[in-house]
Amino acid sequence: MPEIEIPVGPQHPALKEPESFRFEVDGEIVKSVDIRLGYVHRGIEKACQDRTWVQAVYLIERICGICSHSHTTCFCQAVEEIAGIEVPRRARFIRSLFGEMERIHSHLLWLGLAGHEVGFDSLFMYAWHDREIILDALESISGNRVNYGMNTIGGVRRDVTEKDVDELGRALDLLEERVKYYTDVALNEATFRSRLEGVGKITREQAIDLGTVGPTARSAGVDVDLRRDDPYAAYDEIPFRVITADGGDLLAAAVVRLGEIEESLKIIRYIIENLPDGPIAVKAPRRIPAGEACSRYEAPRGEDIHYVRSGGGDKPLRVKVRAPTLANINAVAQSMRGARVADIPIIIAGIDPCFSCTDRMVRLDDVSSGRTEVLTWAQLSARCRASR
């Protein structure tokens, strides 16, 4: 049987965001995949250069609705390093608190979508029902369920009250019981396990060679986590365990994410029991001194990187974001080889992709002609293919 091409996207029921995949298949077996990014580029990096430092924080928050706190913390850390700002200890604990609440919210979202992609919609409904518990807690403290608006340069904008601590404690009690149930489902429910076990598999060596990050890397046995390896916020004071697995498949990814939810619940309990007194922010200058910094953050999907450069003015001179999905997308191409067509949706979902925070433009400078072109990743990919 001759190989044929199956297009998935840019618009497709299995994709939550518009991206283009072209699969070469032999019968039901995937032989290769061509991934074309660039369909949801919003120009946030460039737009930051036209806004003040404080305005840029709110724009950066909208890179991703699921990892909004991750991106603003990463950005603020870079600006604070340039300006030499020491963030108060209480603010650093609150940043870690929101980081772990966001991790729980993100992993429960992934669990529900994973269930949906394999036809286990009961799991989808249960997981997203329980996700409301942490979303309500986020809203109670910050006033928002998604873009929390907590971070500012120099600290955080809202404090955590005794009432917030009490409500959060009750939420943790509920979630601890529910996570035990989900772990049992992932390990023992035959339908769910059979659709994930051995699917989307990569080895530890492949995970390292491809530069994978976050749960995608840890599910393949790569013991890496920035919270431990390069601590930020209050993680140098918080005890926790890095969750890894050896399977390298989607079942291992589920086990890692569920284990991380359990650890996040423990971290949150530690934070609310040991939350220090003191201010929640220090005043930052309107003009940030000239300089540059690179900040890293362990987002729910993996290592998030923000490069920020200041020219000494009231606006950023350059902002560059490397979201974790860009680091993990090559793992999708690798793990697709030899997979079945029916497993395409869950393998794509396996890295918990966020294409809106991955997409960007590429500028090509032709030195000989002096011409400059701005291309999307999709246009650049098409040009590369045409020149082969």
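Residues numbered from 1 in each chain as written. Predicted model: local features only at pLDDT ≥ 70, side-chain atom pairs only at ≥ 80, totals over all residues. Heavy atoms only, no water.

A closer look at the overall build of the protein chain
Thought 1: Each helix and strand in the protein chain was counted, giving 14 helices and 10 strands.
Thought 2: For the protein chain, whose C-alpha radius of gyration is 21 Å, the value lies close to the compact-globule estimate of 21 Å for 388 residues.
Thought 3: For the protein chain, the spread of C-alpha atoms along the three principal axes comes to 70 × 65 × 35 Å.
Thought 4: Going through the 388 residues of the protein chain one by one, you find that 56% of them count as buried.
Thought 5: Counted over contacts in the protein chain with a minimum sequence separation of 6, partners at least 24 positions apart contribute 67%.
Thought 6: Here the protein chain displays about 16,500 Å² of accessible surface, and carbon together with sulfur accounts for 50% of that area.
Thought 7: Between the centroid of the 50 positive side chains of the protein chain and the centroid of its 59 negative side chains there is a distance of 5 Å. (Helix = DSSP H or I, 4+ residues; strand = E, 2+ residues; numbered from the N terminus. Rg over C-alpha atoms; globule rule 2.2 N^0.38 Å. Buried < 20%, exposed > 50% of the residue type's maximum accessible area, 1.4 Å probe, protein only. Contact = heavy atoms within 4.5 Å. Areas by Shrake-Rupley, 256 points an atom, 1.4 Å probe, with all protein chains shown as cover. Lys, Arg positive; Asp, Glu negative; His and termini not counted. Charge placed at Lys NZ, Arg CZ, Asp CG, Glu CD.)

So, the UniProt feature "binding site: Fe cation" (unreviewed entry) in the protein chain
Thought 1: Here the UniProt feature "binding site: Fe cation" (unreviewed entry) sits at Cys-67 and Cys-357. For this annotated set, covering 291 residues, all C-alpha atoms fall within 9.4 Å of each other, a compact arrangement in space.
Thought 2: Summarising the element assignment, Cys-67 is placed in the loop between α2 (53–61) and α3 (68–83).
Thought 3: Discounting chain neighbours no more than four positions away, the residues touching Cys-67 are Glu-102, Pro-300 and Arg-301.
Thought 4: Judged by relative accessible area, Cys-357 falls into the buried class, the value being 7%.
Thought 5: The residues touching Cys-357, leaving out its near neighbours within four places in the chain, are Arg-42, Ile-63, Cys-64, His-71 and Ala-323. (UniProt positions renumbered as here; feature names shortened; annotations may be inferred.)

Some points on the state of the cysteines
Thought 1: Tallied over the entire structure, the rule returns 0 disulfides.
Thought 2: Here Cys-64 stays free of any disulfide, with the sulfur of Cys-354 as its closest cysteine sulfur at 3.4 Å.
Thought 3: Overall, the relative accessible area of 3% leaves Cys-64 in the buried class.
Thought 4: Free of any disulfide, Cys-67 has its nearest neighbouring cysteine sulfur in Cys-64, separated by 4.1 Å.
Thought 5: With relative accessibility at 2%, the residue Cys-67 sits in the buried group. (Disulfide = S-S within 2.5 Å.)

Re the pattern of salt bridges
Thought 1: According to the stated counting rule, one finds 30 salt bridges in the structure shown.
Thought 2: Between Glu-132 and Arg-145 there is a salt bridge whose closest N-O contact spans 3.1 Å. Here Glu-132 is found in helix α5 (residues 121–142), whereas its partner Arg-145 is found in the loop between α5 and β4 (151–152), with 13 residues between them in sequence.
Thought 3: Between Glu-176 and Arg-269 there is a salt bridge, with the nearest N and O atoms lying 2.9 Å from each other. Taken together, the residues Glu-176 in helix α6 (residues 162–188) and Arg-269 in helix α11 (residues 250–273) connect sequence positions 93 residues apart.
Thought 4: Residue Glu-176 is classed as partly exposed on the basis of its relative accessible area, which comes to 27%.
Thought 5: Judged by its relative accessible area of 22%, Arg-269 falls in the partly exposed class. (Salt bridge = Lys/Arg side-chain N within 4 Å of Asp/Glu carboxyl O.)

Examining the side chain of His-71
Thought 1: Looking at where His-71 falls in the secondary structure, it is placed in helix α3.
Thought 2: With near-sequence residues (within four places) excluded, His-71 lies in contact with Ile-60, Ile-63, Cys-64, Asp-304, His-306, Val-321, Ala-323 and Cys-357.

Points about the nonpolar core
Thought 1: By size, the foremost hydrophobic cluster in this structure holds 80 residues, and its most contacted members are Phe-21, Phe-23, Met-101 and Met-336.
Thought 2: Not counting the four nearest positions on each side in its chain, Phe-23 is found in contact with Ile-4, Glu-5, Ile-6, Val-8, Val-30, Ser-32, Val-33, Met-336, Ile-344 and Ile-348.
Thought 3: With 29 residues, the next largest nonpolar core counts Ile-44, Ile-85, Leu-113 and Val-321 among its residues. (Core = buried A, V, L, I, M, F, W, Y, C linked by side-chain atoms within 4.5 Å.)

So, the environment of Lys-315
Thought 1: Along the chain, the position of Lys-315 falls in the loop between β7 (302–310) and β8 (316–322).
Thought 2: For the pair Lys-315 and Cys-67, spaced 248 residues apart in the sequence, the C-alpha separation amounts to 23 Å.
Thought 3: Beyond its immediate chain neighbours, meaning those up to four positions away, Lys-315 contacts Gln-49, Asp-50, Arg-51, Thr-52 and Trp-53.

A short note on helix α12 (residues 324–336)
Because the α-helix completes a turn every 3.6 residues, residues three or four places apart line up on one side.
Thought 1: With 13 residues, α12 should reach 18 Å at 1.5 Å per residue; the first-to-last C-alpha distance of 19 Å fits that figure.
Thought 2: Within α12, 10 of the 13 residues are buried, which leaves the element mostly enclosed by the surrounding structure.
Thought 3: For α12, every residue scored as buried is listed here: Pro-324, Thr-325, Ala-327, Asn-328, Ile-329, Ala-331, Val-332, Ala-333, Ser-335 and Met-336.
Thought 4: Among the residues trailing α12, Gly-338 stands out with phi positive, at a value near 90°. (Expected span 1.5 Å × (residues − 1).)

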